[in-house]
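# Chain and residue survey
Here is how the chains run, residue by residue.
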Amino acid sequence: MLGTPRAPFCMMGVCFDCLAVIDGVPSTQSCLVTVQEGMQVERQYGRRSVTA
């Protein structure tokens, strides 16, 4: 994003601004995942992948 406020959309799963690789699964919306001990969270670079 360009620094614009996201508050109305955060934690709703509607914007895809928080994509990360979580436990090896790319394009995971991190705002919808509860943090657990032992989780592997990595920054995702590039666009999300779409599979059929």
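Scroll up to find the structure this text is about.
A brief report on the enclosed structure follows. Quick caveat, the model's predicted, so the values are computed rather than measured. (Residues numbered from 1 in each chain as written. Predicted model: local features only at pLDDT ≥ 70, side-chain atom pairs only at ≥ 80, totals over all residues. Heavy atoms only, no water.)

Mapped onto the elements of the fold, Gln44 is located in the segment after β3 (41-43). Of note is the side chain of Gln44, whose polar atom sits 2.6 Å from the backbone nitrogen of Ser27. When neighbours within four sequence positions are excluded, Gln44 is seen to be in contact with Leu19, Ala20, Val21, Pro26, Ser27 and Thr28. (Helix = DSSP H or I, 4+ residues; strand = E, 2+ residues; numbered from the N terminus. Polar contact = N/O pair within 3.5 Å; in protein donor to acceptor, adjacent residues only side chain to side chain. Contact = heavy atoms within 4.5 Å.)

Looking now at the sheet that holds strand β2 (residues 25-29). Read across the open sheet, the 3 strands follow the order β2-β1-β3; overall the sheet is antiparallel. Taken across any chain shown, the strands that pair with only one partner, and hence form the sheet edges, are β2 and β3. Across the sheet, the mean angle separating the axes of adjacent strands is 45° when strand polarity is ignored. For strand β1 (residues 19-22) and β2, the ladder comprises 3 bridges, and the chain directions are antiparallel. (Pairing = 2+ DSSP bridges. Axes fitted to C-alpha atoms, helices over the stretch in contact; angles between N-to-C directions.)

As a general feature of sheets, a regular strand has side chains that alternate between the two faces. Residue alternation in β1 divides its side chains into two sets, Leu19 and Val21 and Ala20 and Ile22, and both sets are buried. From the end of β1 to the start of β2, which pair antiparallel, there are 2 residues, and Asp23 there has a positive phi angle of about 50°. Inspection of the sheet shows β1 paired to β3 by 3 bridges, in the antiparallel sense. Paired with Ile22 across the bridge in β3 is Val41. (Buried < 20%, exposed > 50% of the residue type's maximum accessible area, 1.4 Å probe, protein only.)

Here we come to the state of the cysteines. Overall, the coordinates contain 0 disulfides when judged by the stated rule. Considering cysteine sulfurs only, Cys31 is the nearest to Cys18, which forms no disulfide, with 3.6 Å between them. (Disulfide = S-S within 2.5 Å.)

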